[in-house]
Amino acid sequence: MKKIVTMMLALVTLATYAQEKKGTTIELPQWVKDIKLSGYGMVEYQGLDKYEAHENSFSLRLARLSLDGKISDFAWKVQMQINGNTSTLGSSPRLVDLWCEWQKYDFARIKVGQFKRSFAFENPIHPIVQGFMSYSQPITKLVGFSDRTGEQASNGRDIGIQIQGDFLKNASGRNLLHYQIGVFNGEGINRKDADNRKDIIGGLWVMPVKGMRLGIFGWTGSRVISYTDPTTKESYSRSMPKNRYALSADYVTDGDWTFRAEYVHSQGYGSNLAAGDKADGLYALCIAPIIKKKFHVKARYDLYRDRKEWGTSKTYYEVGADYVFTKNIQLNIEYARVNDRTIANPEEHNYNLVDVQLDFRF
């Protein structure tokens, strides 16, 4: 880990030195000059009033540092993540991105390494730009953040190879179709394949008008599940199938309005076999500008059913606002009414949640 950080800093130093020496006899290669250092941090306060389990706490949600650049027709990126308040270093700090993509042709760009899975619209959106206190439940539970299968938390990423592209230009030169398909280990970040059976994930969407996307995604793969037979008490490990699909739509206007909705369905057991092999989730959101690019109000409906039954549903009814002080500093405030039917006592199903985040980036 230290070697990776040292390498990142060394590359930044070289790029900075090249800029300072511009116009002199010392000239570094263009790919070194093109290296960009960026990063961001998210500081959070959250409080909730669950029955006899009130909580409120400040936390360091996450910090990231990344380097990206281009060498001829190849783009590349390296990104590290650190989470606050972690009890072990097993999950923080960690490498989340390490990829290279051949980008010579718009209709066929090939990416290799560790990167976002090609599933759902929301998954690849920047954590600050996606607009709410966290990604929606269908994304966090069914795309590899805190996945129901028991896979390690992987921020929606995996290791593999992907081809994607845009094509079918209209009269104005705007592409109308996009496709992407990838082959992945199926284990999340920084892990080898456990059963030598790869996950295949793909998506196709149309862009009928500027700013609008209508898409469909598919995912087929497997997951090694460890479980104990309740009768014999013997432990087993078995590779189980995992199949998912998503229906997605979003629309971002020139006037700074954002609309997005997705339904995700999953078939496949997790480490708790009693939880069944089916789950689904749906979210729909709207972000409306009060002052364009400066001040927004927002609302989101966010539903997840861990066994595709209403008795296992958890729903967030969210409203909030954000204010952009500068292009690099943003304040977000949200209130959510939560209905959690997984709680045994019906009188405890509903509670309130308040979340405040200060985000900054460079």
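Above this text is the structure in question.
Residues numbered from 1 in each chain as written. Predicted model: local features only at pLDDT ≥ 70, side-chain atom pairs only at ≥ 80, totals over all residues. Heavy atoms only, no water.

Visitor: How would you explain the overall build of the chain if you had to name every residue and give the values?
Guide: Looking only at helices and strands, the chain features three helices and 16 strands. By principal-axis analysis of the C-alpha atoms, the chain measures approximately 75 × 50 × 50 Å. The 362 residues of the chain split such that 44% are buried. Considering only contacts within the chain whose residues lie at least 6 apart along the sequence, 54% involve residues at least 24 apart. Charged side chains of the chain number 48 positive and 40 negative; the gap between the two group centres comes to 5 Å. (Helix = DSSP H or I, 4+ residues; strand = E, 2+ residues; numbered from the N terminus. Buried < 20%, exposed > 50% of the residue type's maximum accessible area, 1.4 Å probe, protein only. Contact = heavy atoms within 4.5 Å. Lys, Arg positive; Asp, Glu negative; His and termini not counted. Charge placed at Lys NZ, Arg CZ, Asp CG, Glu CD.)

Visitor: Please set out the packing of aromatic side chains residue by residue, giving values where relevant.
Guide: For the coordinates displayed, the defined rule picks out 16 aromatic pairs. Three or more aromatic residues joined by ring pairs form one cluster here, namely Phe-119, Phe-121, Trp-205, Phe-217 and Trp-219. In this structure, Lys-111 packs its charged tip against the face of Phe-115, placed 5.1 Å from the ring centre. Lying over the aromatic face of Phe-121, Arg-213 brings its terminal NZ or CZ to 3.9 Å of the ring centre. (Phe/Tyr/Trp six-rings, centres within 6.5 Å; stacked < 30°, edge-to-face > 60°. Lys NZ or Arg CZ within 6 Å of the ring centre and 35° of its normal.)

Visitor: Any details on the side chain of Gln-79? Residues and values, ideally.
Guide: With respect to the element layout, Gln-79 can be found in strand E3 (residues 74–82). Note on Gln-79: relative accessible area 4%, which makes it buried. Within polar-contact distance, the side chain of Gln-79 engages the side chain of Asp-97 at 2.6 Å. (Polar contact = N/O pair within 3.5 Å; in protein donor to acceptor, adjacent residues only side chain to side chain.)

Visitor: Which residues make up the pairing of strand E2 (residues 53–71), and what values do they have?
Guide: The sheet contact formed by strand E1 (residues 36–50) and E2 spans 15 bridges and is antiparallel. If you follow Met-42 over to E2, its bridge partner there is Leu-62. Hairpin geometry of E1 and E2 is characterised by an intervening segment of two residues between the two adjacent antiparallel strands and by a positive phi of about 55° at Glu-52. For E2 and E3, the ladder comprises nine bridges, and the chain directions are antiparallel. Each residue of the ladder has a partner; that of Ala-63, found in E3, is Ile-82. (Pairing = 2+ DSSP bridges.)

Visitor: So what's going on with unusual backbone geometry? Which residues, and what values?
Guide: Phi at Asp-256 is positive, roughly 80°, even though this residue is not glycine. As for its placement among the helices and strands, Asp-256 is situated in the loop between strand E10 (235–252) and strand E11 (258–267).

Visitor: Give a detailed account of the nonpolar core, specifying residues and quantitative values.
Guide: Phe-119, Ile-139 and Phe-217 are the most contacted members of the largest nonpolar core, which has 25 residues in total. Broken down by secondary-structure element, the contributors of at least two residues to this core are helix H3 (137–142), strand E8 (199–206), strand E9 (212–228) and strand E12 (278–291). For this core, the leading source of residues is E12, giving four residues. Residues within four places of Phe-217 in sequence aside, it is in contact with Ser-118, Phe-119, Ala-120, Phe-121, Gln-180, Gly-202, Gly-203, Trp-205, Arg-244, Tyr-245, Ala-246 and Ser-248. Judged by nonpolar contacts, the second largest core, of seven residues, contains Leu-48, Tyr-316, Val-338 and Leu-353. (Core = buried A, V, L, I, M, F, W, Y, C linked by side-chain atoms within 4.5 Å.)

Visitor: How would you sum up the pairing of strand E16 (residues 350–361)? Please name residues and give values.
Guide: In this sheet, E16 lies alongside E1 in antiparallel orientation, the contact comprising nine bridges. Bridge pairing links Gly-41 to Phe-360 in E16. Here strand E15 (residues 329–340) pairs with E16 via 11 bridges, running antiparallel. Each bridged residue has a counterpart across the sheet, and for Gln-330 the counterpart in E16 is Asp-359.

Visitor: I'd like a rundown of the pattern of salt bridges, residues and numbers included.
Guide: Pairing between side chains becomes possible if they bear opposite charge and their charged atoms approach one another. In the structure shown here, the tally under the stated rule is 19 salt bridges. Across the pair Arg-157 and Asp-97 runs a salt bridge whose closest N-O atoms are separated by 2.9 Å. Of this pair, Arg-157 sits in strand E6 (residues 157–169) while Asp-97 sits in strand E4 (residues 94–105), placing them 60 residues apart in sequence. Residue Arg-223 pairs with Glu-187 through a salt bridge whose shortest N-O separation is 3.0 Å. Of this pair, Arg-223 sits in strand E9 while Glu-187 sits in the loop between strand E7 (175–184) and E8; the two residues are 36 residues apart in sequence, bridging distant segments of the chain. Each member of the salt-bridge network shares a partner with another, and the members are Arg-117, Glu-151 and Asp-158. (Salt bridge = Lys/Arg side-chain N within 4 Å of Asp/Glu carboxyl O.)

Visitor: Now, about a nonpolar patch on the surface: what can you tell me, with residues and values included?
Guide: Nonpolar side chains collect at one region of the surface, where Val-43, Leu-60, Tyr-323, Phe-325, Ile-329, Leu-358 and Phe-360 lie side by side and expose about 590 Å² of accessible area between them. Among the elements of the structure, strand E14 (313–326) and E16 are those that each provide at least two residues to the nonpolar patch. Structurally, the position occupied by Phe-360 is in strand E16. (Patch = residues over 30% accessible without salt bridge, like charges linked within 9 Å, V, L, I, M, F, W, Y side chains within 5 Å. Areas by Shrake-Rupley, 256 points an atom, 1.4 Å probe, with all protein chains shown as cover.)

Visitor: Explain the environment of Val-354 residue by residue, including any values.
Guide: Mapped onto the fold, Val-354 is located in strand E16. Taking relative accessible area as the criterion, Val-354 reaches 36% and is therefore assigned partly exposed. Apart from the residues within four sequence positions on either side, Val-354 is in contact with Tyr-45, Gln-46, Gly-47, Glu-334 and Tyr-335.

Visitor: Describe the environment of Asp-193, with residues and values.
Guide: Mapped onto the elements of the fold, Asp-193 is located in the loop between E7 and E8. The buried category is assigned to Asp-193, whose relative accessible area is 15%. Discounting chain neighbours no more than four positions away, the residues touching Asp-193 are Asn-185, Glu-187 and Lys-198. A polar side-chain atom of Asp-193 sits 3.1 Å from the main-chain amide nitrogen of Asp-195.

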